[in-house]
Amino acid sequence: MMQKTVLVAGSHGTIGRAIIDTLQCQGYHVISISRHGHSTNVHLCTDMTNHANVETITHFLTPHFTSLVGVIQCAGVLHNDMHQPEKNVMQLDSVWLQESMRINVLPSVVLAQAVSPLLNRKSSVRWISLSAKVGSIEDNGLGGWYSYRMSKAALNMFIKNLAIEWGRKSPESSVIAMHPGTTPSDLSEPFTKNWPKEKLYSPEMTASRIVSMFTSMTHTDSGQLYHHDHSSIPW
Ligand SMILES: NC(=O)c1ccc[n+]([C@@H]2O[C@H](COP(=O)([O-])OP(=O)(O)OC[C@H]3O[C@@H](n4cnc5c(N)ncnc54)[C@H](OP(=O)(O)O)[C@@H]3O)[C@@H](O)[C@H]2O)c1
């Protein structure tokens, strides 16, 4: 039987790396995309926030497509050396808002543009983009973190749209967004000090929850934002 292939994008990040380990332990063949590493036939080093790279990604995916069962897109950003999540509207900066949009939204868009031409009515591809619960508009009771919330909300709308489009084009395929749960990483590090220990999950635990969602999801799950416990979060 042909080994099933999964593409992990943003593969250099903490959660991306843990997902690769978990998938490989479960017997999947993993291919990856990241800004890091050297390109080979199973790894593509490219910037997924640049539309000019769509064709390169399609070219990389084409030989794997017959065995490709899914995509897990992990790239995202919350802060950098110069910008921390905003506490109030006065801290909202147009440059950082655009940068947050670029890194939280475009990798899923560019990757979907690379995958879409390969899909047909018989394809059955599962897609997970890692989003965040704080990107839910309805769930927002605390405020703050403007750029991250706004860019994850934009990602969520993209995922909802893609689920509708691919639902018509490839009815067995499924497209979801998922909140991985708070996990120690470069992204979360400044914000986990006062976080309750019982709500801080190891990368291995987070990866096993995401892979479990990945293996169990069907087209009936498509178009939803899922919590790491597999419950549905309102958009
Ligand atoms: N950790 C948490 O507690 C938590 C909670 C909620 C949601 N999330 C979401 O889960 C996902 C993975 O997070 P993580 O904790 O694993 O974070 P991480 O270790 O910081 O990894 C994030 C990845 O995003 C990509 N990325 C970062 N900056 C980029 C830039 N300037 N241009 C292009 N790509 C860039 C990178 O992929 P490459 O280096 O491979 O190119 C990076 O490895 C993110 O989407 C995040 O929003 C995480």
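Residues numbered from 1 in each chain as written. Predicted model: local features only at pLDDT ≥ 70, side-chain atom pairs only at ≥ 80, totals over all residues. Heavy atoms only, no water.

Draft legend 1. Seen up close, the pairing of strand β1 (residues 5-9). Counting buried positions over the five residues of β1 gives five, a clear majority of the element. Covered by surrounding structure in β1 are Thr5, Leu7 and Ala9 together with Val6 and Val8, the residues of both alternating faces. Bridge count between β1 and strand β2 (residues 29-34): five bridges; the pairing is parallel. Within β2, the position partnered with Val8 by the bridge is Ser32. Crossover β1 to β2 through helix α1 (residues 14-25) is right-handed. Taken together, the five bridges between β1 and strand β4 (residues 68-73) define a ladder with parallel strand orientation. Paired with Leu7 across the strands is Val71, a residue of β4. (Buried < 20%, exposed > 50% of the residue type's maximum accessible area, 1.4 Å probe, protein only. Helix = DSSP H or I, 4+ residues; strand = E, 2+ residues; numbered from the N terminus. Pairing = 2+ DSSP bridges. Right-handed = clockwise from strand over helix to strand, strands pointing away.)

Draft legend 2. Structural view of the site of the ligand. Around the ligand there are 28 residues in total, and Ser34, Arg35, Tyr148, Thr183 and Ser185 lie nearest to it. Within the backbone of Ile15, an N or O atom sits 2.9 Å from an oxygen atom of the ligand. His36 is positioned with one of its side-chain polar atoms (N or O) 3.1 Å from an oxygen atom of the ligand. About the coverage of the ligand: the protein hides 89% of its 880 Å² of free accessible area. Of all elements in the fold, only α1, α3 (94-115) and α4 (146-169) reach the threshold of two or more residues within the shell around the ligand. Residue composition of the shell around the ligand, by class: nine nonpolar, 15 polar and four charged. (Near = heavy atom within 4 Å. Polar contact = N/O pair within 3.5 Å; in protein donor to acceptor, adjacent residues only side chain to side chain. Areas by Shrake-Rupley, 256 points an atom, 1.4 Å probe, with all protein chains shown as cover. Nonpolar A, V, L, I, M, F, W, Y, C, P; charged D, E, K, R; others polar.)

Draft legend 3. Quick look at helix α2 (residues 54-61). Here α2 has its buried residues at Val54, Ile57, Thr58, Phe60 and Leu61. Looking down the long axis of α2, one finds its buried residues gathered within 160° of arc, a one-sided arrangement. Facing away from the buried side of α2 by more than 90 degrees, the exposed set consists of Glu55 and His59. Buried positions along α2 lie against β1, β2, β3 (43-45) and α3. (Arc of directions from axis to C-beta. Contact = heavy atoms within 4.5 Å.)

Draft legend 4. Focus on the environment of Ser131. Among the secondary structure elements, Ser131 is positioned in the loop between β5 (126-130) and α4. Residue class for Ser131 comes out buried when judged on its relative accessible area of 3%. Remark: the alpha-carbon pair of Ser131 and Gly167, spanning 36 residues in sequence, is separated by 20 Å. In contact with Ser131, other than residues within four places in its own chain, are Lys152, Leu155, Asn156, Ala177, Met178, His179, Pro180 and Leu225. Side-chain polar atoms of Ser131 contact the side chain of Asn156, separated by 2.7 Å.

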